[in-house]
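Understanding the architecture of this molecule
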Amino acid sequence: MQLNNDIDDDTNLVSPFGEMGHGLSELELRETCYEILIGACRSSGGTRPLTYVSSSVKKNVEKQPSISLQRSVSSVAASKMKKALGLKKRSLREDEVREVTIGELMRVQMRVSEPTDSRVRRALLRIAATQLGRRIESIVLPLELMQQFNSSDFPTEKEYVAWQQRNLKVLEAGLVKHPCLPLDKNNTSAQQLRRFVHKSLKKPIETGKHSESMRVLRDIVMSLACRSNDGNLSEICHWADGIPLNLQLYQILLEACFDINDATSVIEEVDEVLELIKKTWVVLGINQTFHNLCFSWVFFYRYVSTGEVENDLLFAANNLLLDVEKDARVTKDPAYSKTLRSTMTKILNWAEKKLLLYHDTFFRGNINIMESVLTFSVLTANILEDISHDYKNRNEIDIAPERVDTYIRSSMRKAFSQARECVYLSKRSAKHQQNSPPVLCILAQEIIDLAYNEKEIYSPILKRWHPLATGVAVATLHACYGNELKKFVSVNSEMTPDNLQVLISADKLEKDLVHMAVEDSVDSDDGGKSIIQEMTPYEAEGVISNLIKSWIRTRIERLKESVDRNLQQETWNLQANKEQIASSTAVVLRTVNETLEGFFMLPIPQHSASLSDLINGLDRCLQQYILTAKFGCGSRSDFIPALPALTRSTAGSKLPGIFRKKDKLIPRKKSQGGSTDGNDFFGIPELCVRINSFHHIRKCVDALEKKTVDHLRNNGSTHLDNVLVTKFDLSRATGVEGVQSLCVAAAYKIVFQDLSHALWDGLYIGEVSSSRIQPFLKELEQYLEIISSTVHDRVRTRLITDVMKAAFDGFLLVLLAGGPSRVFNLHDSAIIEDDFRLLTDLFWSGGDGLPTDLIEKFASTVRFVLPLFRTETESLIEEFKSSIMDEYGNTAKSRLPLPPTSGQWDPNESNTILRVLCHRSDKLATNFLKKAYNLPKEL
């Protein structure tokens, strides 16, 4: 919609009736109006007395002697016109009441002095006497008045000259400058009148009865005034009925309806005054339609020019415009249409100036005025639309919603701009204050206040013309704030508390605005769909989600870097801290905790939505730490040897075999105490630090999960069951597995690597009685003391148990696969069983060690195997054959197959029995092995 921009200053509204041109002052026009009024009233009959109410008679403009007003106020009748226009009846004081004629009232209202009034009336009596029966519209009043007076009729020559010149200028204005009927440019009479008036303005003319000047003037004037459209002479003299002269004169007459001492008050006698004024219509060419138009403008102009303080004037103008609207639909007079267009444009411009910024103009105290101004706008716009498209042919489209839509959007944008400027100014003045909210957060609250203020104060008025007034307002605010938010987001892509606070405020604002729009449009034709579609989503939740994801990614990447960096610098020192965990573990766990705490410090509405991403990232980092820290620490298979094939060779034998006298079961490996490449392993203290660290991580993730639940509960989360699936499952499982594998690795390293000299190189080498288990137990006990003082008590039992299992495996390995240097007799079985008792006692430790049932659980295999060493050789051979037959069936009848080495020792398993036979110092065993498998006879 195109709006008018040529809005005049409210206090200096330019007349819509057209420019008069220079030469005639307001006083001169007013005197001419009075002359026309008196002449019209004399022509149509005398005036009658009426009750007149005004304080102006006490001090009129020309300071005439005051007239007594001592009459009863009850004689003043109520004005029908004021009632029709919605004007209040004025309460009068006793000293404001007197009985005068309507003519006297008009004289005072038009600020005409009594001498001037007397002179006019006297002149009109003379005219009437000389032109008996002629009506006022058939004479040229200024011409006749000039004929009646000379300088002696005026107090001074100067006044007479001014009076004469006024009448000449009125004649020129009405007959040449603004004629009722258009003039030909070459009209000689018009040219003559111009020259005559120009000459007379320099030197007064003679106006006597026989004056040649007056005769010439009369001929010129009458030839111009009596023109008609058909070329014949008209009985009506057209000298004051051309636009804009007639409208300017009529406006002055209508202004007599306002009290001269109270510019905002309409006199109580307005009905009688209008009756008199309407008598001038025949002279001025005014009809009811022009009257309605002029009267509405006069009220409007009076309201504006008096500072817009008397709202009744605006209401009256509004009521008059309703008649103008009806007139506009039926009147086709081009002159009227032109004047109507000009008048409506002036009013519309004034109204739009206010409505386009209605927040600056109207407030709770004067909101009723806004309704009148809106009515002005809609009425004038409709009238202008009717003129432009010819009312009968115009489509019946209500233009009010479109215009009101524009007013709402324009004013809301301005209100938003003002609120934004205030917020920024306030923020700058408070820039040194700490904890001050971000600008857009404050602005969001301002917008909410604006929206609710709009809904409460303005929308009820605007809804008369626009069904979605509130929706349009909030949609406009939504768009304005959206532009600010878009600029903010484009330069603030990092996750900070301020940025989050802004986005959360924006999200809340949007939800409130959308709710208001939906609520406003429930009864609309489209259910408010158009308004909602107009409100392009801020997608603040999506932006928040992306920022949170970015924040999480950044923190996880930093944590990964911290894991790698700290592990590279780690020394696995037992003395690093009182928990006897790795320094890197403490650092990484502290970083994880700080990251989690930082996440819950973010001012976001729902932490649970992004929590899984964070927990999963932290969980993977801890898992990676454990996996990296565990890498290279070895496993059971790295320390326990692969079992060799069976042989029964002696020292110096040339027969092929795995076990020779100087052969070792596994290579000797030295502890490096640092990083390992898979061949060199960490020392036991370092492995203990790792075990403690993994266990500590396991404890901490439990605490982190509990803390997470507490945070969620404090933040008001109600769906904790769903959140609990977000756990540190990977790091917990990896930590548990890490502790288990390191306990096994440490145990088998102690037994098979660190104590190999006592076990493999010492136990039962040569004579069994002289190479018993005590040296091994002594050194093993030292390791157990290290473990007891180092490893956390919750995993200590696990590690010692694994050491016990490794020791039992080592003991059996010595007995069953210890090589050719280990030979046992039947009577050695007692020593072996005693040594095994000593080994189990070490772990029982008089009741202070491992539980008996745990020891028995893992000692059972050894206890089942040991009876084989005290079993007679013949019985062993029979058991072996029976076992082979059970395993191989009929295929074993012709030749006994060599059973594979499984490493799973069992007294009923053929390989276990065969190994006991291989280490048996016995002729029967030798002969059997030689015959069955071609093993050497000698040991």
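Rules of the game
Residues numbered from 1 in each chain as written. Predicted model: local features only at pLDDT ≥ 70, side-chain atom pairs only at ≥ 80, totals over all residues. Heavy atoms only, no water. Helix = DSSP H or I, 4+ residues; strand = E, 2+ residues; numbered from the N terminus. Buried < 20%, exposed > 50% of the residue type's maximum accessible area, 1.4 Å probe, protein only. Contact = heavy atoms within 4.5 Å. Expected span 1.5 Å × (residues − 1). Axes fitted to C-alpha atoms, helices over the stretch in contact; angles between N-to-C directions. Parallel < 35°, antiparallel > 145°, perpendicular 65-115°, else oblique. Left-handed = near helix turned anticlockwise from the far one by under 90°. Phe/Tyr/Trp six-rings, centres within 6.5 Å; stacked < 30°, edge-to-face > 60°. Core = buried A, V, L, I, M, F, W, Y, C linked by side-chain atoms within 4.5 Å. Polar contact = N/O pair within 3.5 Å; in protein donor to acceptor, adjacent residues only side chain to side chain. Salt bridge = Lys/Arg side-chain N within 4 Å of Asp/Glu carboxyl O. Disulfide = S-S within 2.5 Å. Nonpolar A, V, L, I, M, F, W, Y, C, P; charged D, E, K, R; others polar. pLDDT = per-residue confidence, 0-100.

A closer look at the overall build of the chain
Scanning the chain from N- to C-terminus turns up 36 helices and two strands. Residue burial in the chain is summarised as follows: out of 939 residues, 52% are buried. The long-range fraction of contacts in the chain, counting pairs at least 24 apart against all pairs at least 6 apart in sequence, stands at 77%.

Some remarks on helix α31 (residues 793-817)
Here α31 spans 35 Å end to end across 25 residues, near enough to the 36 Å set by a 1.5 Å rise per residue. Where burial is concerned, most of α31 is hidden: 18 out of the 25 residues are buried. One or two positions beyond α31, positive phi appears at G819, with a value near 90°.

Re the packing of helix α6 (residues 157-177) against helix α8 (residues 212-225)
Interhelical geometry of α6 versus α8 gives an angle of 30° and a closest axis separation of 10 Å. Overall, the two elements α6 and α8 adopt an arrangement that is roughly parallel. Viewed along their axes, α6 and α8 form a crossing whose handedness is left-handed. For the pair formed by α6 and α8, the contact residues are L168, L171, L175 and V176 on the first element and L217, V221, L224 and A225 on the second.

Let's talk about the packing of aromatic side chains
Using the criterion set out here, one finds 29 aromatic pairs in the structure. Ring plane angle 80° and centroid distance 6.3 Å describe the contact between F808 and F843, whose orientation is recorded as edge-to-face. With F808 in helix α31 and F843 in helix α32 (residues 828-844), the pair connects residues that are 35 residues apart, well separated along the chain. Judged by relative accessible area, which is 2%, F808 ranks as buried. The interplanar angle of 90° and the centroid separation of 5.6 Å between the aromatic rings of F824 and F869 together place this pair among those described as edge-to-face.

Regarding unusual backbone geometry
Across the junction of I243 and P244, the peptide omega takes the value 10°, indicating a cis bond. A positive phi angle, close to 60°, is found at E308, a residue other than glycine. For E308, a relative accessible area of 22% corresponds to the partly exposed category.

Points about the nonpolar core
Residues F299, Y481, F776, L780, F811, L839 and F843 are the most contacted members of the largest nonpolar core, which totals 285 residues. With 15 residues, the top contributor of residues to this core is α31. Excluding residues within four positions of it along the chain, F776 makes contact with V751, L755, A758, L759, A807 and L839.

What to know about the environment of F295
Summarising the element assignment, F295 is placed in helix α12 (residues 288-305). When the C-alpha atoms of F295 and E255 are compared, they prove to be 8.9 Å apart, with 40 residues separating the residues in sequence. Residues in contact with F295, not counting those within four places in the same chain, are M81, L85, L254, C257, L274 and L320.

Comments concerning the side chain of E35
Mapped onto the fold, E35 is located in helix α1 (residues 26-44). A distance of 2.5 Å separates polar atoms of two side chains, one belonging to E35 and the other to R166. In this structure, E35 is in contact with V120, L124, L141, L145, W163, R166 and N167, ignoring residues within four places of it in sequence.

What to know about the pattern of salt bridges
Summed over the entire model, instances satisfying the criterion amount to 48 salt bridges. Salt-bridge contacts for E144 lead to R218; the nearest nitrogen and oxygen are separated by 2.9 Å. Here E144, found in helix α5 (residues 141-148), pairs with R218, found in helix α8; they are 74 residues apart in sequence, far enough to count as distant. A relative accessible area of 5% places E144 in the buried class. A salt bridge links K630 to E737, with the shortest nitrogen-to-oxygen separation between them at 2.7 Å. Placement of K630 in helix α24 (residues 608-630) and of E737 in helix α28 (residues 729-754) is noted, with a sequence separation of 107 residues between them. One salt-bridge network, held together by shared partners, links R698, D702, E705, D729 and R732.

Observations concerning the state of the cysteines
All chains considered together, the criterion is met by zero disulfides. Considering cysteine sulfurs only, C237 is the nearest to C226, which forms no disulfide, with 3.9 Å between them.

Structural notes on the environment of R732
When you line up the elements, R732 lands in helix α28. Note on R732: relative accessible area 14%, which makes it buried. A C-alpha to C-alpha distance of 9.2 Å links R732 and H695, two positions 37 residues apart in sequence. When near neighbours in sequence (up to four residues on either side) are disregarded, R732 contacts D619, R698, V701, D702, E705 and K727.

Examining the packing of helix α14 (residues 334-355) against helix α16 (residues 367-389)
Packing of α14 against α16 brings their axes to within 8 Å, and their N-to-C directions diverge by 145°. With respect to the hand of their crossing, α14 and α16 are arranged in left-handed fashion. Taking contact as the criterion, the partners of S337, L340, R341, M344, T345, I347, L348, W350, A351, E352, K354 and L355 in α14 are, on α16, M370, V373, L374, F376, S377, T380, A381, I383, L384, I387 and S388. The residue makeup of the contact of α14 with α16, split by class, is 15 nonpolar, five polar and three charged.

Some remarks on the confidence of the model for the chain
Detailed reading of predicted coordinates is not advised where the pLDDT is low. Averaged over all residues, the pLDDT of the chain equals 85, while 87% of them reach at least 70. In this model, residues 46-76 is a region of pLDDT below 50 whose contacts with residues beyond four sequence positions or in other chains number 89 contacts. The low-confidence segment residues 649-680, where pLDDT is below 50, has 59 contacts with residues more than four positions distant or belonging to other chains.

A closer look at the side chain of Q147
Tracing the backbone shows Q147 in helix α5. Residue contacts for Q147: discarding those within four places in its chain leaves T207, G208, K209, M214 and R218.

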